[in-house]
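Chain by chain, the residues run as shown.
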Amino acid sequence: MTSLKDVAEACGVSVATVSKALRDQYDIGEETKEYIKKIADEMDYHPNSMARALKTRRTGNIGVLFVDEAQSGLTHDFFSRVLDGFKRGIEEEGFDLTFINASAEGREGMTLLQHCRYRGYDGVALACIDFEHPEVKELVQSELPVVTIDYAFENCTVVRSDNAGGEEQLVQYLYDMGHRDIAVIHGKDSFVTRERLASIQATAKKLGMTIRPECIMLAAYRDVDATAACTRKLLQMPKVPTCIMCPDDYSSLGARNVIQEMGMVVGKDISITGFDGIWLASRLHPALTTVKQNTSEIGLAAARNLTEQISHADKMGAQNISIPTTLVKGETVAKV
């Protein structure tokens, strides 16, 4: 493997001169720079990443811990797009991305923090995991730069959608369309679920609407069957609500199926809404009324903040970055 010293000897200059020329420093003449770069290319010289890491104390590698309980992995509509934005953002800053092994066995008994140190990650992004796990908390409380997506710790930067604002827009729209008796199917307990549910109830109260306790049901995010089961129960009630708010766009497919099975028409006999704004939602007929999350901007914002933390650790404090959402008025909400 060609070293910096080899290039220096071939060019008849010092190692320092070669190093400066390859880094385009101003105190080396352009003609000398071009000559050194030409020789370096001919000799197939590449910087030694290990040596550079020892000098800069950085590896140029960022870890991502992503554990989806539904086991949908990178096919997860929301997080796959967030991670795509994150990947583009860190690559623009010259970093590489590596997925962290979530299995304790795969980490040979090391804690998450020990594993991240062992792998030499400059920073870590956390998404869709058990944020209450002791090892996750240990990682967040360490000196390692960390950014979380859709979960807030006191001492750590979080990048998230404006979930509360999105649900407020959605409930206001339902009210404007004449709905006074709505049902809510929400996801499992999490930071996002608590934020969304609190906003729905607060907005309904502000508008003078009462959501019946029996019309608030639980179904895991992206669980089509669970949402279908809840929808069936709601449609069999003596007093059927006029609109069913589903946990997310994907799970709303379950609500559609049950409504059609029972001989009703979505957007006419009964209304439904979703949350996320996935591509599929706008392609179905009738198009889903939902709240669109700016997934690309969430990922890019997380990347920008994490790379800033890595470069300026002494100047960066924890931030709560909220990305605006957009109400999408589809065709699944009828005028009452």
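Everything quoted here is computed from the prediction, not taken from an experiment.

### Focus: the overall build of the protein
Looking only at helices and strands, the protein has 13 helices and 12 strands in total. At 26 Å, the protein has a C-alpha radius of gyration far larger than the 20 Å of a compact globule built from 336 residues. Principal-axis analysis of the C-alpha atoms gives the protein an extent of 90 × 40 × 35 Å. A total of 336 residues make up the protein; the buried ones form 49% of that total. For the protein, the exposed area adds up to about 17000 Å²; of that, 51% sits on carbon and sulfur atoms. The protein carries 37 positive and 47 negative side-chain charges, and their two centres are separated by 4 Å.

### Description of the pattern of salt bridges
Per the counting criterion, the structure on display carries 14 salt bridges. Across the salt bridge formed by Lys-87 and Glu-91, the nearest N and O atoms sit 2.9 Å from each other. Pair noted here: Lys-87 and Glu-91 are both in helix H5 (residues 77-92), with a separation of four residues, about one helical turn. For Lys-87, a relative accessible area of 37% corresponds to the partly exposed category. Overall, Glu-91 belongs to the partly exposed group, its relative accessible area being 40%. A salt bridge links Lys-137 to Glu-132, with the shortest nitrogen-to-oxygen separation between them at 3.3 Å. Overlapping salt bridges bring together Asp-181, Arg-212, Glu-214 and Lys-239 as one network.

### Notes on the pairing of strand E3 (residues 123-127)
Counting buried residues along E3, five of its five residues qualify, which places the element largely inside the surrounding structure. Of the two faces of E3, the one carrying Gly-123, Ala-125 and Ala-127 and the one carrying Val-124 and Leu-126 are both buried. The sheet contact formed by strand E1 (residues 61-66) and E3 spans five bridges and is parallel. Its bridge partner being in E3, Ile-62 is matched across the sheet by Gly-123.

### Comments concerning the packing of helix H10 (residues 224-235) against helix H11 (residues 252-261)
Interhelical geometry of H10 versus H11 gives an angle of 40° and a closest axis separation of 7 Å. The orientation of H10 relative to H11 falls into the category oblique. Note that H10 runs across H11; the crossing there is right-handed. Along the contact surface, H10 presents Val-224, Thr-227, Ala-228, Thr-231, Arg-232 and Leu-235, while H11 presents Leu-253, Gly-254, Ala-255, Val-258, Ile-259 and Glu-261.

### Examining H11
Of the positions making up H11, those classed as buried are Ser-252, Gly-254, Ala-255, Arg-256, Val-258 and Ile-259. Those residues of H11 that are buried lie in contact with H10 and strand E9 (271-273). With its phi angle positive at about 75°, Gly-263 sits one or two positions after the end of H11.

### Describing helix H9 (residues 191-206)
Along an α-helix, residues three or four apart share an orientation, since each turn contains 3.6 residues. Relative to the 22 Å expected for 16 residues at 1.5 Å per residue, H9 spans 23 Å between its end C-alpha atoms, a close match to the ideal helical length. Every buried residue belonging to H9 is among Val-192, Thr-193, Glu-195, Arg-196, Leu-197, Ser-199, Ile-200, Thr-203 and Ala-204, and all of these are buried. Looking at the buried side of H9, the elements it contacts are strand E5 (157-161), helix H8 (163-176), strand E6 (182-186), strand E8 (243-245) and strand E10 (290-293). Where H9 terminates, the next one or two residues include Gly-208, which has phi positive at roughly 85°.

### Observations regarding the side chain of Arg-212
Relative to the assigned elements, Arg-212 resides in the loop between H9 and strand E7 (216-218). For Arg-212, a relative accessible area of 15% puts it in the buried group. A distance of 3.0 Å separates a polar side-chain atom of Arg-212 from the backbone oxygen of Lys-239. Among residues more than four places away in sequence, those in contact with Arg-212 are Asp-181, Met-237, Lys-239, Val-240 and Pro-241.

### A short note on the environment of His-285
Inspection of the secondary structure assignment puts His-285 in the loop between helix H12 (279-283) and E10. The spatial distance from the C-alpha of His-285 to the C-alpha of Thr-157 is 39 Å, given a sequence separation of 128 residues. If near-sequence neighbours (up to four positions away) are discounted, His-285 is found in contact with Arg-256 and Glu-331.

### What to know about the nonpolar core
Counting 24 residues, the largest nonpolar core has Ile-62, Phe-66, Phe-79, Phe-86, Ile-149, Val-159 and Ile-298 as its most contacted members. Ignoring any residue separated from it by four or fewer positions in sequence, one finds Val-159 in contact with Val-147, Thr-148, Ile-149, Asp-150, Ile-298, Ala-301, Ala-302, Ile-321 and Ile-323. Counting 21 residues, the second largest nonpolar core, distinct from the first, contains Ala-183, Cys-215, Met-237 and Ile-244.

### Notes on the sheet that holds E9
If you trace the four strands from one edge of the open sheet to the other, you get E7-E6-E8-E9, paired in parallel fashion. Unpaired on one side and paired on the other, E7 and E9 mark the two borders of the sheet. Each neighbouring strand pair of the sheet contributes to a mean axis angle of 20°, computed without reference to strand direction. Strands in contact with H10 are E6, E7 and E8; relative to E6, the strand with the most contacts, it is inclined by about 160°.

### Points about the packing of H5 against helix H13 (residues 295-311)
At their nearest, the axes of H5 and H13 sit 7 Å apart, and the two run at 40° to each other. Regarding the angle of H5 to H13, the classification is oblique. Judged by the sense of rotation from one axis to the other, the crossing of H5 with H13 is right-handed. Together, Phe-78, Arg-81, Val-82, Gly-85, Phe-86, Arg-88, Gly-89 and Ile-90 of H5 and Thr-295, Ser-296, Ile-298, Gly-299, Leu-300, Ala-302, Ala-303, Leu-306 and Thr-307 of H13 make up the contact between the two elements. Of the residues assigned to the contact of H5 with H13, the class counts are nine nonpolar, six polar and two charged.

Cut-offs applied
- Residues numbered from 1 in each chain as written.
- Predicted model: local features only at pLDDT ≥ 70, side-chain atom pairs only at ≥ 80, totals over all residues.
- Heavy atoms only, no water.
- Helix = DSSP H or I, 4+ residues; strand = E, 2+ residues; numbered from the N terminus.
- Rg over C-alpha atoms; globule rule 2.2 N^0.38 Å.
- Buried < 20%, exposed > 50% of the residue type's maximum accessible area, 1.4 Å probe, protein only.
- Areas by Shrake-Rupley, 256 points an atom, 1.4 Å probe, with all protein chains shown as cover.
- Lys, Arg positive; Asp, Glu negative; His and termini not counted.
- Charge placed at Lys NZ, Arg CZ, Asp CG, Glu CD.
- Salt bridge = Lys/Arg side-chain N within 4 Å of Asp/Glu carboxyl O.
- Pairing = 2+ DSSP bridges.
- Axes fitted to C-alpha atoms, helices over the stretch in contact; angles between N-to-C directions.
- Parallel < 35°, antiparallel > 145°, perpendicular 65-115°, else oblique.
- Left-handed = near helix turned anticlockwise from the far one by under 90°.
- Contact = heavy atoms within 4.5 Å.
- Expected span 1.5 Å × (residues − 1).
- Polar contact = N/O pair within 3.5 Å; in protein donor to acceptor, adjacent residues only side chain to side chain.
- Core = buried A, V, L, I, M, F, W, Y, C linked by side-chain atoms within 4.5 Å.
- Nonpolar A, V, L, I, M, F, W, Y, C, P; charged D, E, K, R; others polar.

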